[in-house]
Amino acid sequence: MSSLTLTVENYLKAIFQLSDGQQGTIVSTGQIADALGVSPGTVTSMLKTLADGSLATYKPYEGVELTPAGRAIALRVIRRHRLIELFLVDTLKLSWDEVHDEAENMEHAVSDWLVDRIDQHLGHPKVDPHGDPIPTADGAIPQADTVPLVELSEGQRFRVIRVLDQSPEILRTLSESGITLGVAGIVAKAHADGGRVIDLAGVEHHIDQSVAVNIGVDLLE
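Residues numbered from 1 in each chain as written. Predicted model: local features only at pLDDT ≥ 70, side-chain atom pairs only at ≥ 80, totals over all residues. Heavy atoms only, no water.

Participant: Summarise unusual backbone geometry; cite the residues concerned and give the values.
Facilitator: Phi angles above zero are rare outside glycine, and Tyr-61 is one such case at about 70 degrees. Relative to the helices and strands, Tyr-61 is located in the loop between β1 (56–59) and β2 (63–66). A residue is classified by how much of its surface remains accessible, and Tyr-61, at 87% relative accessible area, is exposed. Backbone geometry places Ala-201, a non-glycine residue, at a positive phi of 55 degrees. With respect to the helices, strands and loops of the structure, Ala-201 is situated in the loop between β6 (196–200) and β7 (203–207). Of the residues examined, Ala-201 reaches a relative accessible area of 80% and is grouped as exposed. (Helix = DSSP H or I, 4+ residues; strand = E, 2+ residues; numbered from the N terminus. Buried < 20%, exposed > 50% of the residue type's maximum accessible area, 1.4 Å probe, protein only.)

Have a look at this one:
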């Protein structure tokens, strides 16, 4: 796969994720530059290329929106990435903080055929190791209905179903506190600054606001 195609895929994926997958959402040049670590001028040049290829609609000084063709490619790349992450965790037993960079490298190299075989091998999973929804082969993506831990009040019971901040440092910190997907707990204290003290199987852990806002949970009776 050419370097241009790899770059195009990375841009389409970044635009899709910055728009939260919402059609009609305009993503600014600055947002893309920050996400990809490149200059605004470089982004502008690529957005013109995407527009010329009918993969995006670009309006100078406003931003960019993916076309249906651009969205389809973005979803295909995201599907590859998330299935590869799950394969690395489930089959090769890597930890959830080790798989992102490996999946970033592999997502551009594997064929759709191999990705479909991985999907079949894993039993057609709905989410990746971090709780992110996995797009289907036909481009549908289930909506993850979660509540941020930071919004819970004292005494509310919950189950962790998604982690939005997937930096290795954060994921390792969560693992050390026993916070993984599916773990259940109760909010022992809700601090005014947004921090939460949670009780997991009788052990209390303090979660800073910056972390609690990125932990998606569902409420338990």
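Participant: Help me get a handle on the pairing of strand β5 (residues 184–190), residues and values and all.
Facilitator: Bridge count for strand β4 (residues 157–163) against β5 is three bridges, and the pairing is antiparallel. Its bridge partner being in β5, Phe-158 is matched across the sheet by Gly-185. Here four bridges tie β5 to β6, and the two strands are oriented antiparallel to one another. Bridge assignment links Val-187 to a residue of β6, and that residue is Ile-198. What sits between the antiparallel neighbours β5 and β6 is a turn of five residues, in which Gly-194 has the positive phi angle 100 degrees. (Pairing = 2+ DSSP bridges.)

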